[in-house]
Each structure stands twice: as structure tokens, then as C-alpha cells.
Amino acid sequence: MTVASGSVRVPVRRRPWTTRLTPYGLVAPGMIMLLLLFGVPAGYNVWLSLHEVTPYDALGDGPFVALGNFAAVLADPQTPLSLGNTVLWLTLLTVALRLVFGLGIALLLNAPVLRRLRLLGVCRTLVLIPWMIPPTVAVAAWRWLLDGQSGLINQLLLRWGLIEQGIPFLAQTSTVWWCLTAIITWRELPFVIIVLMAGLQAIPGEQYEAAAIDGAGAGRSLLHVTLPNLRPVIGVVGLMITIGAFNNFVYVWLTTGGGPGTYTQVLATQLYTYAFVDNDLGRGAAIGLIMSLCMVIFALIYLFLLQRRERS
């Protein structure tokens, strides 16, 4: 092959096929690992959702039921309650609280006064303590604190004369979701704080100086400098904690087991009940795919809004 360069035709050597395939060979091990770790389980989950399978069936057994498992899940009267609990309590409320409190605490930790008093390192360490505790240990501690008979909170309220008898915080419908929300927010808040603090420290100081020259106070600087710069960070961390909250199983199951009754049942605990209590892996896989579809839709909406904002 030759390429004309003025009046001279310069020959161009075609690279050997081994050289052209080298990049694909370097990427192949990672792609194969991803396929084994994610693609194969996802495909098997789809297969399970289309069959009637129990944990005691051999691999490949179970009659084909097409969309029967999805129809059974959607017809279950528990599903609307689980979906509502997942969306409202487990996701929207906890995510909103984490973002609001996380931003407030991050702003406090980023204040110059902590640096002057040399308390920044101590405060950051204290903030990280809940995140260092394993979720199972955190839930066990909170269950002891909220116990209706011997819990520390009830003992203090009784001693101060604020109540006449212990309150079963985790066993009555009027308080159980508020307690679950508090546990999740307390345990997962440090992640949001650390990410937002990193975002705050990346904001150029010149922008605050320019705002001060223009006569902007702390409130206007927050609205017109801090929040616009933090918008991408808030968007990413919001998406991450939303996906984690929507799929969360540990806190609800270890705290209440979905009770009292099925009042705190969420989609993840309903999946577990289908698959490992009722021994119906097909329905469990079906509800898992429904949850994945909800998250894909949410992520697509988020990406659409992000691209629209960038274009504008």
C-alpha cells in the first residue's frame, strides 16, 4: 500500500496481524473475568426466573413456566407494600437524610476554625467510626439500645420520668420505620461525608474570593459557589447510595426480619423469603430481575438528566 505525498508515493507498511490483535489480547483476561463473575450469574438468574426451581433440584431441572414467576410476584398482595417500603422508606428518605446531613457535616468539617484549633483530624476520625463498625455489629448494638425491656434508651426515659413503661421501638408500626431509618442513616452517613469533603476541597479558593469581592456572604457563596461545584459529586454519590439503599437487605432483615408481621418487608427481604424460606428460586430470581430493571431505569433517567444539563 502506498500513500501519495506531493509527487512522491511513500509506501506504507501494514502492521502484522499479531500486532493489531495485541490490545484485544491484553483486554481479554479482564473481559473473561467480568463475564465469569457477572455475566454467567446474571444469565443463570434469568434462566431461574423462567423456571419453577427449588434449592433441592439439580442444575437444569425444573419445568419451564415462561413469565409465570413474574405474574405470581406481581399478583402477590405483599409486593405493593414491599415496593412502597423500598422506594419511600428504604430509599428516598434515607438517601435524602444522608445527603442533607452529609452536606451539613462536610461543611462543618471543612470550616477553617477546625484547622486553627487542630481538631480536623480528630473530627474526621470520629465521623468515620460508624462506617468502621460492621453492619451486623451495628444492628446488634442498636437492637440492644432500642429493646423494649432492657434497652438503654428505655431505661433512660424511665429514669427521667418521660414514660411509664418501655416502648417496643422495633415491634410497633408507629416507630419501627423511623428507627430503621435512623440506623441506616447513622451507619452509612460517613461515606457521604467523606466524598462531599473531597468535593469541597477541590473547589478553587479563587471563586470564594471573587464572591467575597462581589459582596456575597456565606449564604450566597453556598448557593452560587459551593453547590454548583458540588453538583456532579452530589449526583454521583446520590446515584451510588440510591442503588445501595434500594437493594439493601442486611439492615431490615437483621433488625426486624420484615416484621412486625410483614410491615417492614422490602423487595430484598421478599426475595429472600421467596427463595430460601418458601424454597421458590424462580420467584426469587423474578423479583431480583424486577429490582434490577428498576435500577436500570433510574440510572438511565439520571444519565439523561446529566447529559441534558451539560448541553444546556
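The present account deals with the structure reproduced in this document.

The rules we used
Residues numbered from 1 in each chain as written. Predicted model: local features only at pLDDT ≥ 70, side-chain atom pairs only at ≥ 80, totals over all residues. Heavy atoms only, no water. Helix = DSSP H or I, 4+ residues; strand = E, 2+ residues; numbered from the N terminus. Areas by Shrake-Rupley, 256 points an atom, 1.4 Å probe, with all protein chains shown as cover. Lys, Arg positive; Asp, Glu negative; His and termini not counted. Charge placed at Lys NZ, Arg CZ, Asp CG, Glu CD. Patch = residues over 30% accessible without salt bridge, like charges linked within 9 Å, V, L, I, M, F, W, Y side chains within 5 Å. Salt bridge = Lys/Arg side-chain N within 4 Å of Asp/Glu carboxyl O. Axes fitted to C-alpha atoms, helices over the stretch in contact; angles between N-to-C directions. Left-handed = near helix turned anticlockwise from the far one by under 90°. Contact = heavy atoms within 4.5 Å. Nonpolar A, V, L, I, M, F, W, Y, C, P; charged D, E, K, R; others polar. Core = buried A, V, L, I, M, F, W, Y, C linked by side-chain atoms within 4.5 Å. Buried < 20%, exposed > 50% of the residue type's maximum accessible area, 1.4 Å probe, protein only. Phe/Tyr/Trp six-rings, centres within 6.5 Å; stacked < 30°, edge-to-face > 60°.

**Regarding the overall build of the protein chain**
A tally of regular secondary structure across the protein chain gives 13 helices and 2 strands. Each principal axis of the C-alpha atoms in the protein chain carries an extent, and together these give about 100 × 75 × 35 Å. For the protein chain, the accessible surface area stands at approximately 19000 Å², while carbon and sulfur atoms represent 69% of it. Distance from the positive charge centre (19 side chains) to the negative charge centre (13 side chains) of the protein chain: 20 Å.

**Quick look at a nonpolar patch on the surface**
A surface patch of nonpolar side chains, amounting to about 1100 Å² of accessible area, comprises Leu 26, Val 27, Met 31, Ile 32, Met 33, Leu 34, Leu 35, Leu 36, Leu 37, Phe 38 and Val 40. Position of Leu 34 among the secondary structure elements: in helix 1 (residues 17–49).

**Side note on the packing of helix 3 (residues 78–109) against helix 10 (residues 218–246)**
The relative placement of two packed helices comes down to the angle between their axes together with the axis-to-axis distance. Two elements in contact, helix 3 and helix 10, have axes whose closest approach is 10 Å; the angle formed by their N-to-C orientations is 145°. As for how helix 3 packs across helix 10, the hand of that crossing is right-handed. On the side of helix 3, the interface is formed by Thr 86, Val 87, Leu 90, Thr 91, Thr 94, Val 95, Arg 98, Leu 99, Leu 103 and Leu 107, while helix 10 contributes Leu 222, Thr 226, Leu 227, Leu 230, Ile 234, Val 237, Gly 238, Ile 241, Thr 242, Ala 245 and Phe 246. Broken down by class, the residue content of the contact of helix 3 with helix 10 amounts to 14 nonpolar, 6 polar and 1 charged.

**A short note on the nonpolar core**
Judged by nonpolar contacts, the single largest core of 28 residues is most densely connected at Leu 146, Trp 177 and Val 266. Secondary-structure elements contributing two or more residues to this core are helix 2 (68–75), helix 3, helix 6 (135–145), helix 8 (176–201), helix 11 (250–255), helix 12 (267–277) and helix 13 (281–311). If you tally residues by element for this core, the top one is helix 8, at 6 residues. The next biggest cluster of nonpolar side chains, apart from the first, holds 20 residues, and it includes Leu 109, Met 197, Leu 200 and Val 237.

**Concerning the pattern of salt bridges**
All told, the structure shown has 2 salt bridges when counted by the stated rule. We note a salt bridge from Asp 280 to Arg 283, for which the minimum N-O separation is 3.4 Å. Relative accessible area serves as the criterion here: at 29%, Arg 283 is assigned to the partly exposed category.

**So, the packing of aromatic side chains**
To describe a pair of aromatic rings, one takes the distance between the centres and the angle between the planes. Applying the stated rule across the entire model yields 9 aromatic pairs. For the pair Phe 249 and Tyr 272, a centre-to-centre distance of 5.2 Å together with 40° between the ring planes defines the contact as tilted. Here Tyr 272 lies in helix 12 and Phe 249 lies in the loop between helix 10 and helix 11, a separation of 23 residues in the sequence. Judged by its relative accessible area of 28%, Tyr 272 is partly exposed. Ring geometry for Tyr 272 against Phe 276: centres 5.3 Å apart, planes inclined by 45°, an arrangement best described as tilted. Pair noted here: Tyr 272 and Phe 276 are both in helix 12, with a separation of 4 residues, about one helical turn. The exposure class assigned to Phe 276 is exposed, which follows from its relative accessible area of 53%. An aromatic cluster is defined as three or more aromatic residues linked by ring pairs; in this entry it consists of Phe 249, Trp 253, Tyr 272 and Phe 276.

Shape descriptors only; they carry no functional weight alone.
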